[in-house]
Amino acid sequence: MPETDFLKDSKVTPGKLEFFRDSVRFEVSGTIPIESALSPRSPKLSLLFKSSENFMRFEDIELTKKVAEYEYKKSYVIAYEPWMEGAFLEAQFFQGKKAQIEPYQKKILSRGVITTPLLAKIGNVNPDEPIPQVGLFISTGVMDADLSRSQEFLLKFDAGSSTIKMNAANKKAIADLKSFLTENSSVMSFRITGTQSPEASEGKSSKLGMDRAEAVKKLLLESNVSLKENVTEIKSRTNDWFDFRLQLRGYDKLFTQRKDQYYAVLLDGSDYQSQSQSLKKITGFTQVASELFPGLRAAKIEVVAKPLPGLNQVQSALLQRALEEKSASSDLDLVDWAIAGETTPRLEDKAKIYSKMTELFRSAIPYNNLAVVKMRQAQRTLDQATKTKLWEEANELLYQASKIATDPYVLHNQGQILVLQGKTWEAYKKLSDASVLTRNQDFLKYNESLRGALDIMRGDYKLATLRFDYTYSEPKDFFNKGLAYFLSKDYANATLSFEESVMSGRNYGYGFYGLAMVAAQSAQTEVALLQLEKAINASELIYQKALVDPIFEEIRSSDEFFQIFRPSVSINEK
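Rules of the game
Residues numbered from 1 in each chain as written. Predicted model: local features only at pLDDT ≥ 70, side-chain atom pairs only at ≥ 80, totals over all residues. Heavy atoms only, no water. Helix = DSSP H or I, 4+ residues; strand = E, 2+ residues; numbered from the N terminus. Buried < 20%, exposed > 50% of the residue type's maximum accessible area, 1.4 Å probe, protein only. Contact = heavy atoms within 4.5 Å. Lys, Arg positive; Asp, Glu negative; His and termini not counted. Charge placed at Lys NZ, Arg CZ, Asp CG, Glu CD. Pairing = 2+ DSSP bridges. Axes fitted to C-alpha atoms, helices over the stretch in contact; angles between N-to-C directions. pLDDT = per-residue confidence, 0-100. Phe/Tyr/Trp six-rings, centres within 6.5 Å; stacked < 30°, edge-to-face > 60°. Expected span 1.5 Å × (residues − 1). Arc of directions from axis to C-beta. Salt bridge = Lys/Arg side-chain N within 4 Å of Asp/Glu carboxyl O. Parallel < 35°, antiparallel > 145°, perpendicular 65-115°, else oblique. Left-handed = near helix turned anticlockwise from the far one by under 90°. Nonpolar A, V, L, I, M, F, W, Y, C, P; charged D, E, K, R; others polar. Core = buried A, V, L, I, M, F, W, Y, C linked by side-chain atoms within 4.5 Å.

Asker: Sorry, what's going on with the overall build of the chain here?
Answerer: Scanning the chain for helices and strands turns up 22 helices and 13 strands. The C-alpha extent of the chain, read off along each of the three principal axes, is 120 × 70 × 45 Å. A buried classification covers 47% of the 574 residues belonging to the chain. In the chain, 65% of the contacts between residues at least 6 apart in sequence involve partners at least 24 apart. Averaging the coordinates of the 75 positive side-chain charges in the chain and doing the same for the 75 negative ones gives two points 2 Å apart.

Written out as structure tokens, the structure reads:
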């Protein structure tokens, strides 16, 4: 070892190298003492940036000779390459001897590169993570429209009985229910509520209402009415004036003033027995009870459902015929075809429909939507040549769509492909142009979130925070929002956004990784390790990144960090 530490003052600024706008920027400075160098001839100082995959050697740093030392300071801006994330920057001092290959002294100035902006989610596919959904279809709105409707059906029972008699009224109720379910086969809620009246003939057992509900359930199953457990609820109501109050609403034999008397009692908040006594004191109650109470010997079926989106049977047959034939015309119009493509789940079937549509209609819709199909197919292949070919085909389709109409969806999809191809600056222009063409909030939420991700990568962190001013539900969007705040050094809002990412998808490890970054930045080692452990359990990619991320450099040498990343190895074996 040399007697003098020639590189003692050598340092790099910033102390941890960072990715910023496609490059890594830093300054190396320091001094080399002369009196300890034993009259060195032509001392040299150089830099080596090296990883296990690659290296970069820089030109010698110019040394300025002073009285007792050499001074040096030099700034660097180098284009970022992925191998640099796990590299180290090393200063190397040479004594100036001829043919000297090995440096006289070395010093590692920095390890790794902070690449936090590159964590932004832009649609790239990573191993062992869900495939991101890319591209926007031009929609008819049928999939998003709230087509749900609700209806009630009443089955009545004899006093004190839970046996269903199939009289004309009950037969009609079952027939109407089946008709409703045929037209609205997507059931969102199915509730059967058994009720009983306060009449003496109904008895005092609260079990009667539930027996009636169960009897109706049994009858429906025997009548081939499908009841899905996750949306079906069976219950009863007893000692409750709720159903009587509903009956009273439609009872037209009372003046408004008299009805108000009933409502005053029914809404006073007192218990069932007290209300019963108060109701009996109202003039004419006996007549009202005799007419309305029998309607409470019942089971009420309440259904919320909607029709399945898509074509009906006749339209489906016409569609299939058109797909099989080589005809240039169709009995279905553009909207029918668009609905068919939109409601078909498989990408292969969508491709057939949209491809045929390009033959039948001069519209941007089929070209754009077929392009989206190819973009999503590209997401599902590991072969880069196939992926590139699908992107080329998608771009050609989008070009054809743009010749027909200037559409924000077309521009967005062109931008998304450019993003995936790594052409972020060109992509940003497309996405920016798309945003000014529409005020549709659903579109803008999606488009601006991608724009915000690019702002993060471009280093415009404050601007990026403004892009995410929408209500999100996907963990990736909350993560990107948190990333923008984190890089803007607004750690409070970053924490909130990362927590929202975790809450919206606990298996999405990036929210935990974001919380670990905030904790590390605040020197909360225990919290950072806790969040890191959750993050690395979710993704191999996160695991690999955490091993080299300079953000965690201070805690990486701790025993706790070692236990998290190498749980099968004891501390003594390290």
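Here the narrative resumes, following the displayed structure.
Asker: What should I look at first to understand the sheet that holds strand β8 (residues 88-94) in this one?
Answerer: Strand pairing within a sheet occurs via backbone hydrogen bonds; the two strands may be parallel or antiparallel. A sheet is described by the order of its strands in space; here four strands give the open sequence β5-β4-β8-β9, paired in antiparallel fashion. In this open sheet, the two edge strands, each paired with only one partner strand, are β5 (55-57) and β9 (105-111). This sheet shows a mean twist of 20 degrees between the axes of neighbouring strands, independent of strand direction. Taken together, the seven bridges between strand β4 (residues 44-50) and β8 define a ladder with antiparallel strand orientation.

Asker: Please explain the confidence of the model for the chain as it appears in this structure.
Answerer: Predicted coordinates in regions of low pLDDT should not be interpreted in detail. With 94% of its residues at a pLDDT of at least 70, the chain reaches an overall mean of 90. Contacts for the low-pLDDT stretch residues 568-574, under 50 throughout, to residues beyond four places or in other chains number eight contacts.

Asker: In this structure, what is going on with the sheet that holds strand β13 (residues 298-306)? I would like to understand it.
Answerer: Strand order in the open sheet formed by four strands is β10-β13-β11-β12, and the pairing between neighbours is mixed. Bordering the open sheet on either side are β10 (149-156) and β12 (232-237), each of which pairs with just one other strand. Averaged over all pairs of adjacent strands, the angle between their axes in this sheet comes to 15 degrees, without regard to strand direction. Here nine bridges tie strand β11 (residues 186-195) to β13, and the two strands are oriented antiparallel to one another. Along β13, the bridge assignment pairs Ser189 with Val304. Sitting on the sheet, helix α1 (residues 168-183) is in contact with β10, β11 and β13, with an inclination near 160 degrees to β10.

Asker: In this structure, what is going on with the environment of Leu370? I would like to understand it.
Answerer: Here Leu370 shows up in helix α10 (residues 364-379). Taking the C-alpha atoms as reference, Leu370 lies 9.0 Å from Thr358; in sequence the two are twelve residues apart. Among all residues touching Leu370, those that are not within four sequence positions of it are Ala351, Tyr354, Ser355 and Leu397.

Asker: Before we go on, may I ask you to explain the packing of aromatic side chains in this structure?
Answerer: In this description, an aromatic ring pair is defined by two values, namely the gap between the centres and the angle between the planes. The full count for this structure, using the stated rule, is 27 aromatic pairs. Pairing Phe26 with Phe58 gives two aromatic rings, centres 6.4 Å apart and planes at 85 degrees, and the pair type is edge-to-face. With Phe26 in strand β3 (residues 23-33) and Phe58 in the loop between β5 and β6 (64-65), this pair connects stretches of sequence that are 32 residues apart. Of the residues examined, Phe58 reaches a relative accessible area of 11% and is grouped as buried. Taken together, a centroid distance of 6.5 Å and an interplanar angle of 55 degrees make the contact between Phe244 and Tyr262 tilted. Remark: Tyr262 occurs in helix α4 (residues 256-266) and Phe244 occurs in helix α3 (residues 242-249); sequence separation between them is 18 residues. Overall, the relative accessible area of 0% leaves Tyr262 in the buried class.

Asker: Sorry, what's going on with the side chain of Asp477 here?
Answerer: Its location among the elements puts Asp477 in helix α16 (residues 475-487). Classification of Asp477 by relative accessible area gives buried; the value is 7%. The contacts of Asp477, once residues within four sequence positions are left out, are Ser449, Phe468 and Tyr472.

Asker: Would you explain the side chain of Arg451 in this entry?
Answerer: Note that Arg451 resides in helix α14 (residues 441-458). Among all residues touching Arg451, those that are not within four sequence positions of it are Tyr428, Leu431, Ser432, Ser435 and Arg467.

Asker: Got a minute to help me understand the pairing of β3 in this structure?
Answerer: When a strand is regular, its side chains alternate between the sheet's two faces. Here β3 lies mainly inside the structure; eight of its eleven residues are buried. As paired elements, strand β2 (residues 19-20) and β3 share two bridges and run antiparallel to each other. Considered in β3, the bridge of Phe19 is made with Val24. Turn length for the β2-β3 hairpin, with the two strands adjacent in sequence and antiparallel, is two residues, and the turn residue Arg21 shows positive phi of about 50 degrees. Pairing analysis gives eleven bridges linking β3 to strand β7 (residues 69-79), with the strands arranged antiparallel. By the bridge assignment for β7, Ser23 is matched with Ala79.

Asker: Which parts of the structure should I look at to understand helix α2 (residues 207-222)?
Answerer: For an α-helix the count is 3.6 residues per turn, leaving residues at separations of three or four pointing the same way. Across its 16 residues, α2 extends 23 Å between first and last C-alpha, which sits within 8% of the 22 Å expected from 1.5 Å per residue. Burial in α2 covers these residues: Leu208, Gly209, Arg212, Ala213, Ala215, Val216, Leu219 and Leu220. All buried residues of α2 lie within an arc of 160 degrees about the axis, which places them on one face of the element. Counted as exposed and oriented over 90 degrees from the buried face of α2: Lys207, Lys218 and Glu222. If you follow the buried residues of α2, they end up packed against β10, α1, β11, β12 and β13. Where α2 ends, the next residue or the one after it, Asn224, has phi of about 65 degrees, a positive value.

Asker: Would you explain the pattern of salt bridges in this entry?
Answerer: Between side chains of opposite charge, a pair can form when the charged atoms approach closely. Scanning the model with the defined rule gives 25 salt bridges in all. Between Glu393 and Lys389 there is a salt bridge, with its nearest N and O atoms 2.5 Å apart. Placement of both Glu393 and Lys389 in helix α11 (residues 384-404) is noted, with a separation of four residues, approximately one turn of the helix. The exposure class of Glu393 is partly exposed, given its relative accessible area of 25%. Residue Arg458 is joined to Asp460 by a salt bridge in which the shortest nitrogen-to-oxygen separation is 3.1 Å.

Asker: Any chance you could explain the packing of helix α18 (residues 510-521) against helix α19 (residues 525-536) here in plain terms?
Answerer: Helix-helix packing is described using two parameters, namely the angle between the two axes and the distance between the axes. Where α18 meets α19, the axes come as close as 8 Å, and the angle between the chain directions of the two elements is 160 degrees. Viewed along their axes, α18 and α19 adopt a mutual orientation that is roughly antiparallel. The handedness of the crossing between α18 and α19 comes out as left-handed. Counted together, Phe512, Tyr513, Leu515, Ala516, Ala519 and Ala520 of α18 and Val527, Ala528, Gln531, Leu532, Lys534 and Ala535 of α19 form the full contact between these two elements. The class makeup of the residues in the contact of α18 with α19 is ten nonpolar, one polar and one charged.

Asker: Would you take a moment to explain the nonpolar core for this structure?
Answerer: Soluble globular proteins tend to pack their nonpolar side chains together in the buried interior. With 50 residues, the main nonpolar core has Leu483, Phe498, Tyr513 and Met517 as its most contacted residues. Among the elements that line this core, the one with the most residues is α18, at eight residues. Those residues in contact with Tyr513 that lie beyond four places of it in its chain are Leu119, Leu532, Ala535, Ile542, Lys545, Ala546, Asp549 and Phe552. Grouped together as the second largest cluster of nonpolar side chains are 34 residues, Leu332, Ala340, Leu370 and Ala378 included.

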